[in-house]
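Chain residues, written in single-letter form:
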Amino acid sequence: MEIVLSLAIGVLCASGIWLILRPRTYQVIIGLCLLSYGVNLFIFSMGGLRPGAPAILQKSGTVDPSLYTDPVPQALVLTAIVISFATTALFLVVLMASRGFTGTDHVDGQERD
């Protein structure tokens, strides 16, 4: 399972970086989304996965905190998803305004021959 997760993170990050380096702004936006998905998956995987473990602490007896997953990476990923959604929306508005002003969707505003 760890190999599949590692491959998924690697493919998402590599595809995102490749698309960020493309000349068109729409490809750059999709690349940023893929890169953020890869980073979010990486952060989420750092919290650890404990199959069969209870999600909340029990009130009876002493509880070993090492039996539970860390909730901080989950909170970080949730916050990152909200921020990336807002950033993507802002980028799309800037993309539409830039295309209206220049008539092209290239990053530098110049069509290549």
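Since the structure is predicted, the reported quantities are computational estimates derived from the model, not experimental observations.

Engineer: I tried to follow the overall build of the protein chain on my own but got confused; where do I start?
Structural biologist: Check the secondary structure of the protein chain and you find three helices and zero strands. When contacts within the protein chain are restricted to residue pairs at least 6 apart in sequence, those whose partners lie at least 24 apart make up 54%. Of the roughly 8500 Å² that the protein chain leaves accessible, carbon and sulfur atoms contribute 71%.

Engineer: Could you clarify how one ought to interpret the packing of helix α2 (residues 25-45) against helix α3 (residues 72-102) in this entry?
Structural biologist: How two helices pack is summed up by the angle between their axes together with the distance between the axes. As a packed pair, α2 and α3 sit with axes 10 Å apart at the nearest point and diverge in direction by 175°. In terms of orientation, α2 and α3 fall into the roughly antiparallel class. Here α2 contributes T25, Y26, I29, L32, C33, S36, N40, I43 and F44 to the contact with α3, which in turn contributes P73, Q74, L76, V77, A80, I81, S84, T88, F91, L92 and L95. Considering only residue class, the contact of α2 with α3 consists of 14 nonpolar, six polar and no charged.

Engineer: Explain the side chain of T88 here, please?
Structural biologist: With respect to the element layout, T88 can be found in helix α3. On the basis of relative accessibility, which here comes to 19%, the residue T88 falls in the buried class. Within polar-contact distance, the side chain of T88 engages the backbone oxygen of S84 at 2.7 Å. Ignoring any residue separated from it by four or fewer positions in sequence, one finds T88 in contact with I29 and C33.

Engineer: Help me out: how do you make sense of helix α1 (residues 2-20) in this one?
Structural biologist: In an α-helix there are 3.6 residues to a turn, and that puts residues three or four apart on one side. Between its terminal C-alpha atoms α1 stretches 27 Å, which fits the 27 Å expected from 19 residues at 1.5 Å a residue. Buried within α1 are the following residues: I9, C13, G16 and L19. The buried residues of α1 occupy one face: seen down the axis, they fall within an arc of 135°. Opposite the buried face of α1, by more than 90 degrees, sit the exposed residues I3, V4, L7, V11 and W18.

Engineer: I tried to follow the UniProt feature "transmembrane region" (unreviewed entry) in the protein chain on my own but got confused; where do I start?
Structural biologist: UniProt records the feature "transmembrane region" (unreviewed entry) at residues 6-21, 28-49 and 75-97, using the numbering of this structure. The annotated region residues 6-21 carries 94% helix and 0% strand content, and the separation between its end C-alpha atoms amounts to 23 Å.

Engineer: What is the right way to look at the pattern of salt bridges in this model?
Structural biologist: Two side chains carrying opposite charge are able to pair once their charged atoms lie near each other. Summed over all chains, the structure comprises two salt bridges. Residue R24 is joined to D105 by a salt bridge in which the shortest nitrogen-to-oxygen separation is 2.5 Å. A residue pair is termed long-range when its members are at least 10 positions apart, and R24 in the loop between α1 and α2 and D105 in the segment after α3 qualify at 81 residues. Taking the relative accessible area as the measure of exposure, R24 reaches 33% and is therefore partly exposed. Its salt-bridge partner being D105, residue R99 comes within 3.9 Å of it at the nearest N-O pair.

Engineer: How should the confidence of the model for the protein chain be read in this particular structure?
Structural biologist: Should the pLDDT be low somewhere, the predicted coordinates at that spot are not to be read in detail. Averaged over all residues, the pLDDT of the protein chain equals 84, while 79% of them reach at least 70. When pLDDT is averaged over each element of the protein chain, α1 comes out on top at 94 and α3 at the bottom at 90.

Criteria and thresholds
Starting afresh in each chain, residues are numbered from 1 along the sequence in its written order. Reporting in this predicted model follows two pLDDT cut-offs: at least 70 for local features of residues, and 80 or more for side-chain atom pairs to be given and counted; totals over whole chains, interfaces and linings ignore these cut-offs and use all residues. For side-chain calculations, the full set of non-hydrogen atoms in the structure is used, while hydrogens and water are omitted. Secondary structure counts use DSSP, requiring at least four H or I residues in a row for a helix and at least two E residues in a row for a strand, with both numbered from the N terminus. Contacts are assigned to residue pairs with any non-hydrogen atoms lying within 4.5 Å of each other. Accessible surface area values rest on a Shrake-Rupley calculation with a 1.4 Å probe, where residue burial reflects the displayed protein chains alone. Here an axis means a line fitted to C-alpha atoms, over the contact stretch when the element is a helix, while the angle between two N-to-C directions is reported on a 0 to 180 degree scale. The cut-offs work like this: below 35 degrees is roughly parallel, past 145 is roughly antiparallel, 65 to 115 is roughly perpendicular, and the gaps in between are oblique. Residues are grouped as follows: nonpolar covers Ala, Val, Leu, Ile, Met, Phe, Trp, Tyr, Cys and Pro; charged covers Asp, Glu, Lys and Arg; every other residue, Gly included, is treated as polar. Using a 1.4 Å probe on the protein chains alone, a residue whose accessible area is under 20% of its type maximum counts as buried, one over 50% counts as exposed, and one in between counts as partly exposed. Polar contacts here mean pairs of N or O atoms no more than 3.5 Å apart (in protein, one a potential hydrogen donor and the other a potential acceptor; neighbouring residues in sequence count only if both atoms are side-chain atoms). Helix span, as expected, comes to 1.5 Å for every residue beyond the first. Arc, as used here, means the arc of the directions from the helix axis to the C-beta atoms. UniProt positions are given in the numbering used here, feature names are shortened, and annotations may be inferred rather than shown by experiment. Any carboxyl oxygen of Asp or Glu that lies within 4 Å of a side-chain nitrogen of Lys or Arg is treated as forming a salt bridge with it. Known as pLDDT, the predictor's per-residue confidence is scaled from 0 to 100.

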